[in-house]
Amino acid sequence: MRRRLRVALFSHDSLGLGHIRRNRALAFALARDLPALTGREVSGLLIASSPEAARFDLPDGWDWVILPGVTPAPGGYVPRALASSMQGLRALRAAAVSAILDQQRPELFIVDRHPFGIGGELAEAIDQVRGHGCRTVLGLREVLDTPSVIDAEWEKVGGPARVADAFDEVWIYGDPDVYDPRSTGEVPATLAARAVTTGYLSQDRPDDGGALPEGVEAARVGSAGTESPGVGSQRFVLTCLGGGSDGGSLASIAVDAQPPDGHRHLIVTGPQMDTEEFDRLRVRAGATTTVIRHHQDIPGLVASAEAVVCMGGYNTLAELMATDTPALVVPRKGHRAEQPRRAFALVAAGAVDAHTIDSLDAEVLSEWFAGRVGRPTDRSHIDLSGLTTVPRLAAELIADARAEAPAFVPEAAPTAGHRPTAPRGTASSARLPITLEETSHAV
């Protein structure tokens, strides 16, 4: 029997749920397609640091590993809850990741967004897995930030050449006809040489099949040709705020907006919204508005809604674009330029409408709802096939690694006089000029 193929994915998780949900979607895609592509059973670990991760299920043979978390702070990050210095937390996380990967011995390691984690915490682990012949991938959303900001971030992690030495490929989860970070300079030439665009991670995303909340049953019929069970069937519009930690301004406008006649308005704040803020929204909600904190099938809600208002995070929009639901994107203000750049690129592509939060109020939002319900949006011209493309790229990388590897022999612990030889392009972690202030931006 061929040895089980083992995969590991890492996300640093400082704000929101996007990193977690993106890696979870990748895990389901790899579990679905890699066995047929490689002829091997697949298992994997998702290494995260948000306690919210455990609420999401995974494919059979996959599991979560939850690290102590970090949270954004001026100039970088601080421990989210652990009574520790950032230096101490970084050392703890680094040791945990190295131990986990040493036991798992993955053949594919996918790192989300930050190549060496927080403060270089992944540097030794990446050297370690590459010494075992593991292929490494840096996964990037299609929009990062303004080129000047991103140039500084690449330099803080040792420069593009150092990143290129540590990763076999760079996967950009987007459609270059909508937005290409290689042409904007966000992915510099050294990395662009080993980068490939996958299409948005949109089609065939996993969901948990949760029932729609009471009072907002879908008007559309399901795949079985029957309406969702519940208290009747009523059309609804939706406002969703991702994780919810930074969605208060949009939620405050949305709760005062009037849904179109014959519709309800469902607002999903996200599990990370402050409890007092959530309670205030529920008190303010009118008779036709329902405010809930979380729903286990956000993609299902988006597909069933007559119109959607959302922020501009990658994961939210990737899920949205798999539907024909009309959408108004209100990008996060400040922090990063990522969300406005993504939102207005998609406007130019004819995929969404967009509004800045400063020019939005309840009346404007009510008018948008009234004008857009019942008018589906065609997004078929956008490449949404990333969750089919990624398993194929993974299978090709793994096949290349096996072709280059010597015949398999049982692994023995290295002795002081015999250390594994790192693959071509691997640099020693001792040469990494990485500090705890790896980036001043925290997503």
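Just so we're clear, the structure is a prediction, and the values are computed from it rather than from any experiment.

Helix and strand counts for the protein chain stand at 14 helices and 15 strands. Considering the protein chain as a whole, with its 443 residues, one finds that 56% of them fall into the buried category. Of the contacts formed within the protein chain by residues at least 6 apart in sequence, a portion of 77% connects residues at least 24 apart. Accessible surface, the protein chain as shown: approximately 17,800 Å² in total, 51% of it carbon and sulfur.

A separate point is helix H12 (residues 338-348). When we look at burial in H12, the residues that qualify are Glu 338, Gln 339, Arg 342, Ala 343, Ala 345 and Leu 346. The arc enclosing the buried residues of H12, seen along the axis, measures out at 165 degrees, which places them on a common side. Each element contacted by the buried residues of H12 is listed here: strand E7 (135-141), helix H11 (314-320), strand E14 (327-329) and strand E15 (353-354). Phi for Gly 350, located one or two positions after H12, is positive at around 75 degrees.

Within the secondary structure layout, Asp 33 lies in helix H1 (residues 18-38). For Asp 33, a relative accessible area of 18% translates into the label buried. Setting aside chain neighbours within four positions, we find Asp 33 in contact with Leu 387, Thr 388 and Pro 391.

Moving on: the nonpolar core. Counting 62 residues, the largest nonpolar core has Val 7, Trp 62, Trp 171, Leu 238 and Leu 346 as its most contacted members. In contact with Leu 238, not counting residues within four places along its chain, are His 265, Leu 266, Val 268, Leu 301, Val 302, Ala 305, Ala 307, Val 308 and Val 309. One finds Leu 67, Phe 109, Cys 134 and Leu 144 within the second-largest nonpolar core, a separate group that totals 33 residues.

Tallied over the full model, the rule gives three aromatic pairs. Residues Tyr 200 and Tyr 314 carry aromatic rings whose centres are separated by 6.0 Å and whose planes lie at 25 degrees to one another, so their mutual orientation is stacked. In this pair, Tyr 200 sits in the loop between strand E9 (195-197) and strand E10 (235-240) while Tyr 314 sits in helix H11, placing the two residues 114 residues apart along the sequence. No difference in accessibility class separates Tyr 200 from Tyr 314, as the two residues are buried. Lying across the ring of Phe 278, Arg 293 places its NZ or CZ 4.4 Å from the centre.

Packed helices, taken two at a time, are described by the angle between their axes plus the distance between the axes. Axis separation between H1 and helix H14 (residues 386-404) bottoms out at 8 Å; the angle between their running directions is 50 degrees. One way to sum up the angle between H1 and H14 is to call them oblique. Where H1 crosses over H14, the handedness of that crossing is right-handed. Touching Ala 25, Leu 26, Ala 29, Leu 30, Arg 32, Asp 33, Leu 34, Leu 37 and Thr 38 of H1 are Leu 387, Thr 388, Val 390, Pro 391, Arg 392, Ala 394 and Ala 395, all from H14. Classifying every residue of the contact of H1 with H14 by side-chain character gives 11 nonpolar, two polar and three charged.

Tracing the chain through its elements places Leu 328 in strand E14. When the C-alpha positions of Leu 328 and Gly 312 are compared, they lie 9.5 Å apart, and in sequence the two are 16 residues distant. When sequence neighbours within four positions are dropped, the list of residues in contact with Leu 328 reads Val 308, Val 309, Cys 310, Asp 353, Ala 354, His 355, Leu 360, Leu 365 and Trp 368.

Here the focus is the environment of Gly 44. Inspection of the secondary structure puts Gly 44 in strand E2 (residues 42-48). Judged by relative accessible area, which is 4%, Gly 44 ranks as buried. With 16 residues separating them along the chain, Gly 44 and Asp 60 place their C-alpha atoms 9.3 Å apart.

Mean pLDDT over the protein chain works out to 86, with 84% of the residues at or above the 70 mark. Every residue in residues 217-232 scores below 50 in pLDDT, and together they form 30 contacts with partners more than four places removed in sequence or on other chains. When the criterion is pLDDT under 50, residues 407-443 qualifies, and its contacts beyond four places in sequence or with other chains add up to 83 contacts.

Judged by pairing direction, the sheet is parallel, and its six strands sit side by side in the order E12-E11-E10-E13-E14-E15 without closing on themselves. Strand pairing shows two members of the sheet lacking a second neighbour, strand E12 (289-292) and E15, which therefore form its edges. Relative to E14, strand E13 (residues 308-310) runs parallel, the two being bridged by three bridges. Bridge pairing in E14 places Cys 310 opposite Val 329.

What follows covers empty space enclosed by the protein. One pass over the full model with this rule turns up three cavities of 30 Å³ or more. Looking at the largest cavity, its volume works out to about 500 Å³. Taken together, 34 residues make up the lining of the largest cavity; nearest its centre are Leu 17, Gly 18, Gly 242, Gly 243 and Thr 316. The set of elements that each furnish at least two residues to the lining of the largest cavity consists of H1, helix H10 (298-304), H11 and H12. A breakdown of the residues in the lining of the largest cavity according to their chemical character gives 12 nonpolar, 14 polar and eight charged. Counting only domains with at least three residues in the lining of the largest cavity, you end up with domain 1 (5-203 + 385-404) and domain 2 (235-372).

So, how was this worked out
Residues numbered from 1 in each chain as written. Predicted model: local features only at pLDDT ≥ 70, side-chain atom pairs only at ≥ 80, totals over all residues. Heavy atoms only, no water. Helix = DSSP H or I, 4+ residues; strand = E, 2+ residues; numbered from the N terminus. Buried < 20%, exposed > 50% of the residue type's maximum accessible area, 1.4 Å probe, protein only. Contact = heavy atoms within 4.5 Å. Areas by Shrake-Rupley, 256 points an atom, 1.4 Å probe, with all protein chains shown as cover. Arc of directions from axis to C-beta. Core = buried A, V, L, I, M, F, W, Y, C linked by side-chain atoms within 4.5 Å. Phe/Tyr/Trp six-rings, centres within 6.5 Å; stacked < 30°, edge-to-face > 60°. Lys NZ or Arg CZ within 6 Å of the ring centre and 35° of its normal. Axes fitted to C-alpha atoms, helices over the stretch in contact; angles between N-to-C directions. Parallel < 35°, antiparallel > 145°, perpendicular 65-115°, else oblique. Left-handed = near helix turned anticlockwise from the far one by under 90°. Nonpolar A, V, L, I, M, F, W, Y, C, P; charged D, E, K, R; others polar. pLDDT = per-residue confidence, 0-100. Pairing = 2+ DSSP bridges. 1 Å grid on protein atoms, 1.4 Å probe; cavity = no way out; pocket = protein on both sides within 12 Å on 5 of 7 lines; lining within 4 Å. Points joined across faces, edges and corners; volume = space filled by probe spheres on them. Domains from an automatic or database assignment.

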